[in-house]
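Tertiary structure, described
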Amino acid sequence: MGRKLLLEHINVPDIHTLAVYRQQGGYRAVEKALKSMSPEDVLEEVKKSGLRGRGGAGFPTGLKWSFLAKPEGVPRYLVCNADESEPGTFKDRYLMTHIPHILIEGMIVSSYALGAHTSYIYVRGEMMPQIRILEKAIAEAKAAGLLGQNILGSGYSLELYVQPGGGAYICGEETALLESLEGKRGNPRIKPPFPAVSGLYGCPTVVNNVESIAATVPIINDGGEEYAKIGIDRSTGTKLISASGNINKPGVYEIELGVPVEEFIYSDEYCGGIANGKRLKALVAGGSSVPILPANLVAKTLTGGDRLMTYESLADGGFQSGTMLGSGGFIVFDEDQCIVRNTWNFTRFYRHESCGQCSPCREGTGWMENILHKIEHGQGSMEDIDLLWNIQRNIEGNTICPLGDAAAWPVAAAIRHFRDEFEWHITHREEAQQHNYGLAHYADPLEPVAQ
Amino acid sequence: MLSIKENQPVVFSAELLAKFGEIVSRYPEGRQKSALLPVLHLVQAEYGWVSTEAMDAVAAYLNIRPIEVYEVATFYTMYFLEPRGKYTLEVCRTGPCCLVGAERIMKHIEQRLGVRENEVTTDGLFSWRGVECMAACGYGPVLQIGPEYTFYENLTEESVDQMIDTLRNKAQHEA
Ligand SMILES: Cc1cc2nc3c(=O)[nH]c(=O)nc-3n(C[C@H](O)[C@H](O)[C@H](O)COP(=O)(O)O)c2cc1C
Ligand code: SF4
Ligand code: FES
């Protein structure tokens, strides 16, 4: 059993209440930070921990905090990104539902480190039940003197508010989120300036994922060095993984970074193997935006090493034979799944969610969806595959925000690794309407199809 | 849930205005526009949808131009710009849920309710639509029903039927 830092007390009855959370040692990090540490000390521990942003990009949290501009007389903001809309990701919902106080405690500690006196948790609007849970928890914390004026007599004051979104994936992108929080459409901003210099209301702002902020609690309690002892290399600490798809035990798991991917899929401690006795066909390891891997590249990297649940190991081989840890949205495909259909589905998602500001993203996602729809429905031609390849290449890197890349990568990876399945849809139009391509050779150890 | 008649100015209740006021107090002076998304959610919870007249009233309340409200209400998917059924079943249609049968569930709902996506049943009770990933992929297929966004997980044809029956009974009792 790996160590649990965020979910350690998840099964304690009523852990969502302040009383029980405190009985289990909750709010020790607030006491410690506010009473015995300077904001710089807190930042130093977070730096030492090696914590990397859990929202998807994996940027070191301490480093991000150290970029925050501190002009005199200008307020600074911490905004928690609880938009959680990357397909395959549902860990933040789980954390907020069951142990909301760990997020609030993390918000207090992090706001203190950043010198913020008003902070917001931006929660996707559909999570109304979680918004209610958080608001209740905030009221409890405030009544106990953990929020508001002069927290625990430390002289530090903080107001914390929950803000609902309106239903738009793009508002998970940090600058779109800030626009949304200002009451506008979720159009991402051109960077620079970065939020650390000009964020919410033009003031210096840090945006962090729910899990990143919650992780500051064990980091302050045990020290950054202790946290950094868990994991491998630059993948320190624990990570929440949202496991979905064709597995026996879908759900949220806290792992020590470094668990072998094979163990994560097959052991009873985690996913419990492929459902219905089927075989593995493919894996999306970090949310819909990351490249899909065929089964033969899941357990081992191309060079034959064990594939581990770390930022580095999942990325081993680059986009030719690797993928990314991303947000930890772990989606497992069994042998009955159709890669073309899934790629079409994901592309439809990105077309729907494109904010429409950049032509390559707005038009490209539409073209890709139309072509994939054609292929999936027995109307495709061989040239369509090359056309798809060209469109995705022209989106990647040519847009204001990374949604363009996120739309391009899944298409590129599907063609790279499953080209024969696309071709079969074109050469066997009738048959492809009757049944799926199946496993073909993907489960065998073979060289990936090079593009 | 009463619906707003077109072209009739909307007057918010004192209770609703008090809620608006509390929300506006969360932001710095002069940043009351930040309240727009939460205020629109409250309007929709009250009236069932967001009419042009309601948007104009929101604009007046927040001291912003009506266009600033329209552009937001049309950008975000959660705001209904026309009346819906009392219960709108929003089914996740994104990849992970499709791996475990979401498409089958949507077909079943369409047949069972006898209306196409975004249409309203003749009794005014139900409508349905596909929505994108709702951050519940491990519990798929899933659907949600506003305004409180109650979740129904691990859907089967049987559980969907049961849910629809229960809601119908509930509506009859309330009527
Ligand atoms: C299209 C898009 C969607 C995103 N969605 C989310 C999200 O739902 N939650 C999240 O925490 N980060 C999301 N991100 C990443 C954020 O922009 C940002 O990097 C992150 O919140 C930073 O927090 P972290 O450093 O703690 O990871 C998204 C990025 C993009 C480009
Ligand atoms: S890449 Fe797409 S989502 Fe991002 S700003 Fe451009 S159009 Fe909008
Ligand atoms: S794919 Fe349905 S909830 Fe995520």
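Residues numbered from 1 in each chain as written. Chains lettered and ligands numbered in written order. Predicted model: local features only at pLDDT ≥ 70, side-chain atom pairs only at ≥ 80, totals over all residues. Heavy atoms only, no water.

Notes on the overall build of chain A
Note the threshold: Helix numbering and strand numbering both begin at the N terminus, where a helix is a DSSP run of H or I of at least 4 residues and a strand a DSSP run of E of at least 2. Here the radius of gyration uses the C-alpha set of atoms, whereas the globule reference equals 2.2 Å times the residue count to the power 0.38. Only protein chains enter the calculation, and the probe is 1.4 Å; a residue is then buried if its accessible area is under 20% of its type maximum, exposed if over 50%, and partly exposed in between. Here the accessible surface of atoms and residues is derived via Shrake-Rupley with a 1.4 Å probe, and residues count as covered only by protein chains that are part of the display. Positive residues here are Lys and Arg, negative ones are Asp and Glu, while His and the chain termini are left out of the count. The atom standing in for a charge is NZ when the residue is Lys, CZ when it is Arg, CG when it is Asp and CD when it is Glu.
When you go through chain A residue by residue, the secondary structure sums to 18 helices and 11 strands. A compact globule built from 451 residues would reach a C-alpha radius of gyration of about 22 Å, and chain A, at 22 Å, matches this within 12%. By principal-axis analysis of the C-alpha atoms, chain A measures approximately 75 × 45 × 35 Å. Burial statistics for chain A: of 451 residues in total, 63% are counted as buried. Accessible area of chain A: about 15,800 Å², with a carbon and sulfur share of 51%. Within chain A, the 54 negative side-chain charges are centred at a point lying 4 Å from the centre of the 41 positive side-chain charges.

So, the pairing of strand S4 (residues 205-209) of chain A
Within a regular strand, side chains alternate between the sheet's two faces. Residues and elements named next belong to chain A. Selection rule: By definition, two strands form a pair when at least two bridges between them are found by DSSP.
The element S4 is largely enclosed, with a buried count of 5 among its 5 residues. Residues of S4 alternate between two faces, with Thr205, Val207 and Asn209 on one and Val206 and Asn208 on the opposite face, all of them buried. Across 5 bridges, the pairing between strand S1 (residues 77-82) and S4 is parallel. Looking across to S4, one finds that Leu78 is bridged to Val206.

Observations regarding the confidence of the model for chain A
Rule in force here: A score between 0 and 100, pLDDT records how confident the predictor is in each residue. Residues count as neighbours in contact if any of their non-hydrogen atoms are within 4.5 Å of one another.
For chain A, mean pLDDT is 95; residues scoring 70 or higher make up 97% of the total. Note on residues 444-451 of chain A: pLDDT under 50 across the span, and 15 contacts to partners over four residues away in sequence or across chains.

Some points on the site of ligand 1
Residues and elements named next belong to chain A. We count it as follows: Put simply, a residue is near a molecule or strand once any heavy atom of it comes within 4 Å of that molecule or strand. Counted as a polar contact is a pair of N or O atoms within 3.5 Å, where, for protein atoms, one must be capable of donating a hydrogen and the other of accepting one, and residues adjacent in sequence contribute only when both atoms are in side chains. Cavities and pockets are defined on a 1 Å grid built over the protein atoms alone: a cavity is a set of grid points where a 1.4 Å probe fits but cannot escape, while a pocket is an open set with protein on both sides within 12 Å along at least five of seven lines, and lining residues are those with an atom within 4 Å of any such point. Each molecule is assigned to a cavity or pocket provided more than half of its atoms lie within 2 Å of the corresponding grid points. Each residue gets one of three labels, nonpolar for Ala, Val, Leu, Ile, Met, Phe, Trp, Tyr, Cys and Pro, charged for Asp, Glu, Lys and Arg, and polar for the others, Gly among them.
As a structural note, the neighbourhood of ligand 1 is formed by 18 residues, with Gly55, Asn81, Asn208, Asn209 and Ser212 the closest of them. Lys64 places a polar side-chain atom, nitrogen or oxygen, 3.0 Å from an oxygen atom of ligand 1. Within the contact set of ligand 1, an oxygen atom lies 2.8 Å away from a side-chain nitrogen or oxygen of Asn208. Contact with the protein chains removes 90% of the 610 Å² of surface that ligand 1 exposes when unbound. Cavity membership is defined here by more than half of the atoms lying within 2 Å of grid points; on that basis ligand 1 lies in the largest pocket. Top element by residues in the shell around ligand 1 is S4. It accounts for 3 residues. Looking at the shell around ligand 1 residue by residue, the class counts come to 4 nonpolar, 8 polar and 6 charged.

Some details on helix H3 (residues 39-49) of chain A
Residue and element names in this part refer to chain A. Just so we agree on the cut-off: The arc in question is traced by the directions running from the helix axis to the C-beta atoms.
Along H3, the residues classified as buried are Val42, Leu43, Glu45, Val46 and Ser49. In an axial view of H3, the angular spread of the buried residues amounts to 160°, which keeps them on one side of the axis. Its buried side turned inward, H3 meets helix H2 (28-36), helix H4 (61-66), helix H6 (100-114), helix H9 (210-222), helix H10 (224-229) and strand S6 (235-236). At the C-terminal side of H3, Gly50 shows a positive phi close to 75°.

Here's the deal with the interface of chain A and chain B
Note the following rule: Here the buried area means the combined drop in accessible surface, using a 1.4 Å probe, for two parts upon being joined, counting both sides. For salt bridges, the criterion is a side-chain nitrogen of Lys or Arg within 4 Å of an Asp or Glu carboxyl oxygen.
Taken together, the 59 residues of chain A in the interface contact 40 residues of chain B. Contact between chain A and chain B buries roughly 3,800 Å² in total, counting both sides, with carbon and sulfur atoms accounting for 55%. Its largest share of buried area at the contact with chain B, chain A owes to Glu126(A), Arg185(A) and Tyr201(A), together 16% of the area lost on that side. For the pair chain A and chain B, the number of links is 4 salt bridges. Residues Glu135(A) and Arg26(B) are paired through a salt bridge, measuring 3.7 Å at the closest nitrogen-oxygen approach. The tally of links between chain A and chain B comes to 23 residue pairs in polar contact (both at pLDDT 80 or more). Contributions of two or more residues to the side of chain A that touches chain B are made by helix H5 (91-98), strand S2 (118-123), helix H7 (128-143), strand S3 (159-164), helix H8 (174-181), strand S7 (238-245), strand S11 (329-334) and helix H14 (339-353) of chain A. Grouping the amino acids of the side of chain A that touches chain B by side-chain chemistry returns 26 nonpolar, 20 polar and 13 charged.

Structural notes on the domain arrangement of chain A
All names here are of chain A. Our working rule: Reported domain spans reflect what an automatic or database domain assignment gives.
Under the domain assignment used here, chain A contains domain 1 (18-229), domain 2 (240-334) and domain 3 (339-434). Of note, the centres of domain 2 and domain 3, computed from C-alpha atoms alone, are 23 Å apart. Contacts between the two partners involve 15 residues from domain 2 and, on the opposite side, 13 residues from domain 3. Taken over both partners, the interface formed by domain 2 and domain 3 buries close to 1,300 Å², and the fraction arising from carbon and sulfur atoms is 68%.

What about the nonpolar core?
Heads up, the condition is: Take the buried Ala, Val, Leu, Ile, Met, Phe, Trp, Tyr and Cys residues and link them wherever side-chain atoms come within 4.5 Å; each set so joined is a nonpolar core.
Core analysis: the biggest nonpolar cluster contains 82 residues, and Ile170(A), Leu388(A), Phe422(A), Phe12(B), Leu40(B) and Val58(B) have the highest contact counts within it. If one sorts the elements of this core by residue count, helix H17 (residues 403-427) of chain A sits on top with 12 residues. Apart from residues no more than four positions distant in its own chain, Ile170(A) is found in contact with Ala176(A), Gly186(A), Pro188(A), Glu353(A), Cys355(A), Cys401(A), Leu403(A) and Phe75(B). Ranked by size, the runner-up nonpolar core spans 81 residues in total, among them Ile15(A), Ile99(A), Ile121(A) and Cys92(B).

Describing the sheet that holds strand S10 (residues 293-294) of chain A
Residue and element names in this part refer to chain A. This is how the line gets drawn: In this analysis, axes come from line fits to C-alpha atoms, helices being fitted only over the stretch in contact, and the angle between any two N-to-C directions falls in the range 0 to 180 degrees.
The 5 strands are arranged S8-S7-S11-S9-S10 in an open sheet whose pairing can be described as mixed. Looking at strand neighbours, the two that pair on one side only are strand S8 (251-256) and S10, the edges of this open sheet. The pairing of strand S9 (residues 280-284) with S10 spans 2 bridges and is classified as antiparallel. The residue bridging Leu283 from the neighbouring strand is Leu293, located in S10. Sheet contacts for H5: S7 and S8; angle to S7, the most-contacted strand, approximately 110°.

Section: the domain arrangement of chain B
Annotation of chain B at the domain level lists domain 1 (14-75) and domain 2 (87-174). Domain 1 of chain B and domain 2 of chain B are separated by 28 Å when their C-alpha centres are compared.

As for the side chain of Thr88(B)
Residues and elements named next belong to chain B. Summarising the element assignment, Thr88 is placed in strand S1 (residues 87-92). For Thr88, the side chain forms a polar contact with the side chain of Ser127, separated by 3.0 Å. Not counting residues within four places of it along the chain, the set of residues in contact with Thr88 comprises Phe80, Ser127, Gln144, Ile145 and Gly146.

As for H17(A)
Heads up, the condition is: Note that bend, as reported per residue, equals the angle between axes fitted to the 7 residues terminating at that residue and the 7 residues originating from it.
Most pronounced at Phe418(A), the bend in H17(A) amounts to some 90°. Counting buried residues along H17(A), 23 of its 25 residues qualify, which places the element largely inside the surrounding structure.

Description of the pairing of S7(A)
Residue and element names in this part refer to chain A. With respect to burial, S7 is a largely interior element, 8 of its 8 residues being buried. Of the two faces of S7, the one lined by Thr238, Leu240, Ser242 and Ser244 and the one lined by Lys239, Ile241, Ala243 and Gly245 are each fully buried. Across 6 bridges, the pairing between S7 and S8 is antiparallel. Across the sheet, the residue bridging to Ile241 is Tyr253, located in S8.

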